[in-house]
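Spelled out from the first residue to the last, the chains are:
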Amino acid sequence: MTKRLFKALVTSAVLTVGAGTAATAAECIAPANPGGGWDFTCRQIGKIMYDIGAVDQPVQVTNMAGAGGGLAYNHVVAERNTDEDLIIAASTATSTRLAQNAYAGMTADQVRFVGAIGADPGVIVVAADSPYQSLNDLVEAIKADPGSVAFAGGSAVGGFDHIKPLMILQRAGFNDIRQVKYIGVDGGADAITQTVGGFTQAMTGDMSEVVGFLKAGEIRVIAVLTDERVPGFEDIPTAKEQGYDVVAVNWRGLYVPKGISDEKFEEWAGKLQQVADSDEWAAAMEANGLAPFTKVGGDFQSYVDNLVLEINAMSKELGVIQ
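Bear in mind the structure is a predicted one, so any value in this text is a computation, not a measurement.

A.B. asks: Go over empty space enclosed by the protein, please, and point to the residues and values.
C.D. replies: Going through the model one piece at a time under the given rule, you end up with one cavity of 30 Å³ or more. When its volume is computed, the largest cavity comes out at roughly 40 Å³. Considering the residues around the largest cavity, the lining is formed by Ile124, Leu135, Leu138, Val139, Ile142, Phe151, Pro165, Ile168 and Leu169. Those elements that provide at least two residues to the lining of the largest cavity are α5 (135–144) and α6 (160–171). Ranked by residues supplied to the lining of the largest cavity, first place goes to α5 with four residues. When its residues are assigned to classes, the lining of the largest cavity shows nine nonpolar, no polar and no charged.

Written out as structure tokens, the structure is:
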């Protein structure tokens, strides 16, 4: 996509979504059409902020779909860099696309990542009858014979599902990641089917994708990629407690324009923390299959910075980007 076309699309989107709307104290841009994850983030967080008194007026939601979030990102950087009343929905997909230069040359340091307050945890899964009883069993098998284990995942080669097991293997001292077999299929359910059917030895995906298969006894989850065990699934160990310091989740959160003041950045971080601590957000997470994952302010910015660097390095090694 040329920069001229990209700019024209941004202008068109802004004129479309802005027509006939009244200014409010705060605006949340959802970089997608209504109904998706980013739209959920804006609407739920914005509503709860108002309901609990974190903001004194309802948060306006603006849908700005295009370029996998790149349209909104460009708009914020180019047109709204100092807008202190603007928040933008983001997720792991945002950091992955920035790491892989999918936003027409834009970089992660052109905004500030203010926080995440919920996530769909990453998981490593094997079939119920698999000989691999633990994450360590799987890792040691790959280290001994990389060709003996193939992963299935719902993202394309180089996507975040592909990256997750590679992060674990690198922590284990295995760095020849091109030797690791990965098959990208059309969604998590297909990936599990590949694994249960014996076509692959493991599945890499998100908790929400595997719950039904887990309850049916078709699979075992040998690791969840969170700081702590997931409520309701306390029998599933984390990768960290098995010796692999990996946190890889599909987080739901916000970024803000880079040009706002430090005081305003901390204020937005505080408002997001208020939402995270509320009963309303706990209910929203339960209703939408999210697990607790709260990082706000500088802590979250550091997490995203490191994630972008790691995904960028792995993507280059895999040949996904130059």
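A.B. asks: Which residues make up helix α3 (residues 70–79), and what are the values?
C.D. replies: Judged by how many residues are buried, α3 sits mostly within the fold: eight of ten residues are covered. Listed as buried for α3 are Gly70, Leu71, Ala72, Tyr73, Asn74, His75, Val76 and Val77.

A.B. asks: Tell me about the nonpolar core, residues and numbers included.
C.D. replies: Phe113, Leu135, Leu138, Phe151, Trp251, Trp281 and Tyr303 are the most contacted members of the largest nonpolar core, which totals 92 residues. Each of domain 1 (27–119 + 250–318) and domain 2 (121–242) contributes no fewer than three residues to this core. In contact with Phe113, not counting residues within four places along its chain, are Thr94, Leu98, Ala108, Trp251, Leu254, Tyr255, Phe265, Gly297, Phe300, Gln301 and Val304. In terms of nonpolar packing, the next biggest core, distinct from the first, is built from 17 residues, Val125, Val211, Phe213 and Val230 among them.

A.B. asks: I'd like a description of unusual backbone geometry, backed by residues and values.
C.D. replies: For Ala67, which is not glycine, the phi dihedral falls at a positive 55°. Inspection of the secondary structure assignment puts Ala67 in the loop between β2 (60–63) and α3. Backbone geometry places Ala104, a non-glycine residue, at a positive phi of 50°. Position of Ala104 among the secondary structure elements: in the loop between α4 (92–99) and β4 (111–127).

A.B. asks: Can you tell me about the packing of aromatic side chains, naming the residues and giving the values?
C.D. replies: Per the counting criterion, the structure on display carries nine aromatic pairs. Taking the centre distance of 5.7 Å and the plane angle of 55° together, the rings of Phe113 and Tyr255 count as tilted. Of the two residues, Phe113 sits in strand β4 while Tyr255 sits in strand β9 (residues 249–257), which places them 142 residues apart along the sequence. With respect to class, Phe113 is no different from Tyr255; both count as buried. Among the aromatic residues, those joined into a ring-pair cluster are Tyr73, Tyr103, Phe113, Trp251, Tyr255, Phe293, Phe300 and Tyr303. Between Arg112 and the ring centre of Phe265, over which it is positioned, the NZ or CZ distance is 4.1 Å.

A.B. asks: Describe the packing of α4 against helix α11 (residues 298–318), with residues and values.
C.D. replies: Between α4 and α11, the least distance of the axes is 8 Å, while the angle of their chain directions is 50°. With respect to each other, α4 and α11 are oriented oblique. Here α4 and α11 pass one another in a crossing that is right-handed. Residue-level inspection shows Ser95, Thr96 and Ala99 of α4 in contact with α11, the latter providing Val304, Leu307, Val308, Ile311 and Asn312. Grouping the constituent residues of the contact of α4 with α11 by class yields five nonpolar, three polar and no charged.

Rules behind the numbers
Residues numbered from 1 in each chain as written. Predicted model: local features only at pLDDT ≥ 70, side-chain atom pairs only at ≥ 80, totals over all residues. Heavy atoms only, no water. 1 Å grid on protein atoms, 1.4 Å probe; cavity = no way out; pocket = protein on both sides within 12 Å on 5 of 7 lines; lining within 4 Å. Points joined across faces, edges and corners; volume = space filled by probe spheres on them. Helix = DSSP H or I, 4+ residues; strand = E, 2+ residues; numbered from the N terminus. Nonpolar A, V, L, I, M, F, W, Y, C, P; charged D, E, K, R; others polar. Buried < 20%, exposed > 50% of the residue type's maximum accessible area, 1.4 Å probe, protein only. Core = buried A, V, L, I, M, F, W, Y, C linked by side-chain atoms within 4.5 Å. Domains from an automatic or database assignment. Contact = heavy atoms within 4.5 Å. Phe/Tyr/Trp six-rings, centres within 6.5 Å; stacked < 30°, edge-to-face > 60°. Lys NZ or Arg CZ within 6 Å of the ring centre and 35° of its normal. Axes fitted to C-alpha atoms, helices over the stretch in contact; angles between N-to-C directions. Parallel < 35°, antiparallel > 145°, perpendicular 65-115°, else oblique. Left-handed = near helix turned anticlockwise from the far one by under 90°.

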